[in-house]
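Read off the chains here:
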Amino acid sequence: ALVRGAGHASEQSAPRPVRVAIITVSDTRRGADDSSGALAERLLVQSGIKVVARAWVRDEIAPIRRAVRTALARRAVDAVLLTGGTGVAPRDVTPEAVEPLLERRLPGFGERFRALSWASVGAAAWLSRAGAGVARGRLVVYLPGSSGAVRQALESLLIPELVHVVRLLGRFQP
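What comes next concerns the included structure.

**Looking at the packing of helix H4 (residues 107-121) against helix H5 (residues 147-168)**
Phase 1: Relative to each other, H4 and H5 sit at 120°, their axes nearing to 10 Å. Considered as vectors, H4 and H5 are oriented oblique to each other. The two elements H4 and H5 meet at a crossing, and its hand is right-handed. Between H4 and H5, the contacting residues are Phe109, Arg112, Phe113, Leu116, Ser117 and Ser120 on the first element and Ala149, Gln152, Ala153, Ser156 and Leu157 on the second.
Phase 2: Within the contact of H4 with H5, the residues separate by chemical class into 6 nonpolar, 4 polar and 1 charged.

This is how it looks when you write it as structure tokens:
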């Protein structure tokens, strides 16, 4: 799978497609109503990335954490992408659910996402708690639930570096 990149290792072809599990965190958006999860899947697949699982969970710590652990337990999963629950409302608990599972945080992801978001949402960009890290040797990324945020994060940050980070994490080893 060849993935667009910034002219370095991310442009190298991978020995197989990167495999991603998508988890939508929402009390209301499931199945056909999950436009952000569907958009994430479409953008990933168009980039040569394979979506190996989709899940929907309520905005509650235990179900979110269970869904991430389930995805990480699958050998075929290289990365886990969550959408939703990253704001400041009382039910937005995705970071609280995910961060204890991370062995290493990647603060640059959230920092850059918020900086990019400034152009489209202005000062509200700092209200996002989007982030990324490594758990069980896999990339875990958690994004807002809006389609605009998902598109921006995937096109500008995640897709251009996904093959590179999966390679760095040793996921392409035989």
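We are not done yet, so read on.
**Some points on helix H2 (residues 61-73)**
Phase 1: Over its 13 residues, H2 runs 18 Å from end to end, which matches the ideal 18 Å to within 8%, given 1.5 Å per residue.
Phase 2: The elements touched by buried residues of H2 are strand S1 (19-25), strand S2 (50-57), strand S3 (79-83), helix H3 (94-98), strand S5 (131-135) and strand S6 (138-143).

**Some thoughts on the sheet that holds strand S4 (residues 104-105)**
Phase 1: One open sheet accounts for 6 strands, arranged S2-S1-S3-S6-S5-S4; its pairing is mixed. Where the open sheet ends on each side, the last strands, each with one partner, are S2 and S4.
Phase 2: Relative to S6, S3 is paired through 5 bridges, and the arrangement is parallel. Note that in S6 the partner of Leu81 across the bridge is Val141.
Phase 3: Packing against the sheet, H2 makes contact with S1, S2, S3, S5 and S6, and its axis sits at approximately 170° to S1.
Phase 4: Strand contacts of H5: S1, S3 and S6, with the helix running at about 175° to S6, the strand carrying the most contacts.

Quick notes on the rules
Residues numbered from 1 in each chain as written. Predicted model: local features only at pLDDT ≥ 70, side-chain atom pairs only at ≥ 80, totals over all residues. Heavy atoms only, no water. Axes fitted to C-alpha atoms, helices over the stretch in contact; angles between N-to-C directions. Helix = DSSP H or I, 4+ residues; strand = E, 2+ residues; numbered from the N terminus. Parallel < 35°, antiparallel > 145°, perpendicular 65-115°, else oblique. Left-handed = near helix turned anticlockwise from the far one by under 90°. Contact = heavy atoms within 4.5 Å. Nonpolar A, V, L, I, M, F, W, Y, C, P; charged D, E, K, R; others polar. Expected span 1.5 Å × (residues − 1). Pairing = 2+ DSSP bridges.

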